[in-house]
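Next come the chains, spelled out residue by residue.
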Amino acid sequence: MLTGTCHCGAAHWTLEGDPGPVTACNCTLCRRYGALWAYDYADERIRVSGPTASYTRAAKDKPSLEILFCPICACVLAWRGMRASDSGRIRIAVNVRLAPPEAVADLPIDRFDGLDSYDDLPRDGRCVRDMWF
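Residues numbered from 1 in each chain as written. Predicted model: local features only at pLDDT ≥ 70, side-chain atom pairs only at ≥ 80, totals over all residues. Heavy atoms only, no water.

A. Highlighting the pairing of strand β9 (residues 91-95). Across the 5 residues of β9, 4 count as buried, placing the element largely inside the fold. Relative to β9, strand β4 (residues 37-41) runs antiparallel, the two sharing 5 bridges. Opposite Asp40, over in β9, you have Ile92 as the bridge partner. Note: strand β8 (residues 76-81) against β9, 3 bridges, orientation antiparallel. Bridge pairing in β9 links Ala78 to Val94. (Buried < 20%, exposed > 50% of the residue type's maximum accessible area, 1.4 Å probe, protein only. Helix = DSSP H or I, 4+ residues; strand = E, 2+ residues; numbered from the N terminus. Pairing = 2+ DSSP bridges.)

Here you go:
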């Protein structure tokens, strides 16, 4: 099980099982947050605990996701979908940069162009260890 905590320790997330590759996205939010995302569904393999506040894009009439962050230290914990799928599940992704570096160092990174094409980009062989600095 992976665990990530905010800087002050008030909020955290857990992810059970293999997180698989994580995603680096260059959309207008992710590039500012510098997050690396691991995905699943809310209250299934991923659970977020502690106090959280959320942000949704103000310019969108029906935002598709909300960013969850610690209201004390402002660390970005996760994003969560605003609408359930047909199966009733809610997609969520946690920021693996909040996990201990040694626990996630070898996870491969997938890249997603959330700024222009909305396409997955080819893997370049980097893993989380390569993105710490």
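The discussion continues.
B. Structural view of the packing of aromatic side chains. Applying the stated criterion across every chain yields a total of 1 aromatic pair. One cation-aromatic arrangement involves Arg89 over Tyr41; the distance from NZ or CZ to the ring centre is 3.7 Å. (Phe/Tyr/Trp six-rings, centres within 6.5 Å; stacked < 30°, edge-to-face > 60°. Lys NZ or Arg CZ within 6 Å of the ring centre and 35° of its normal.)

C. The arrangement of the sheet that holds strand β1 (residues 2-5) in detail. Taken in spatial order, the 3 strands of this open sheet run β1-β2-β5, and their pairing is antiparallel. Each end of this open sheet is capped by a strand with a single partner; those strands are β1 and β5 (46-49). Each strand axis lies, on average, 15° off the axis of its neighbour in the sheet, ignoring direction. Sheet topology places β1 next to strand β2 (residues 12-15); 4 bridges connect them, and they run antiparallel. Bridged to Leu2 within β2 is Leu15. (Axes fitted to C-alpha atoms, helices over the stretch in contact; angles between N-to-C directions.)

D. The state of the cysteines, seen in detail. Inspection of the entire model under this criterion finds 0 disulfides. Considering cysteine sulfurs only, Cys8 is the nearest to Cys6, which forms no disulfide, with 3.7 Å between them. Unpaired in terms of disulfides, Cys127 finds its nearest cysteine sulfur in Cys25, a separation of 19 Å. Exposure remark for Cys127: the relative accessible area of 14% places this residue in the buried category. (Disulfide = S-S within 2.5 Å.)

E. Representation of the pattern of salt bridges within the structure. Tallying each qualifying case throughout the model produces 8 salt bridges. Across the pair Arg111 and Asp124 runs a salt bridge, and its minimum N-O distance is 3.8 Å. Residue Arg111 is located in strand β10 (residues 109-113), and its partner Asp124 is located in the loop between β11 (119-121) and α3 (128-131); the two are separated by 13 residues in the primary sequence. Residue classification places Arg111 among the partly exposed positions, given a relative accessible area of 26%. Judged by its relative accessible area of 38%, Asp124 is partly exposed. Overlapping salt bridges bring together Arg111, Asp124 and Arg126 as one network. (Salt bridge = Lys/Arg side-chain N within 4 Å of Asp/Glu carboxyl O.)

F. Quick peek at the nonpolar core. Counting residues in each nonpolar core, the largest one holds 24 residues, and the members touching the most others are Trp13 and Val22. Ignoring sequence-local partners within four residues, the contact set of Val22 consists of Leu36, Trp37, Ala38, Val96, Leu107, Pro108, Ile109, Asp110 and Val128. Among the nonpolar cores identified, the runner-up in size contains 10 residues, and Leu29, Ile67, Val76 and Ala93 belong to it. (Core = buried A, V, L, I, M, F, W, Y, C linked by side-chain atoms within 4.5 Å. Contact = heavy atoms within 4.5 Å.)

G. Representation of the side chain of Asp40 within the structure. In this structure, Asp40 sits in strand β4. By relative accessible area, which is 11% here, Asp40 ends up buried. At 3.0 Å, the side chain of Asp40 and the side chain of Arg45 are in polar contact. Beyond its immediate sequence surroundings of up to four residues, Asp40 is in contact with Arg45, Ile46, Ile90, Arg91 and Ile92. (Polar contact = N/O pair within 3.5 Å; in protein donor to acceptor, adjacent residues only side chain to side chain.)

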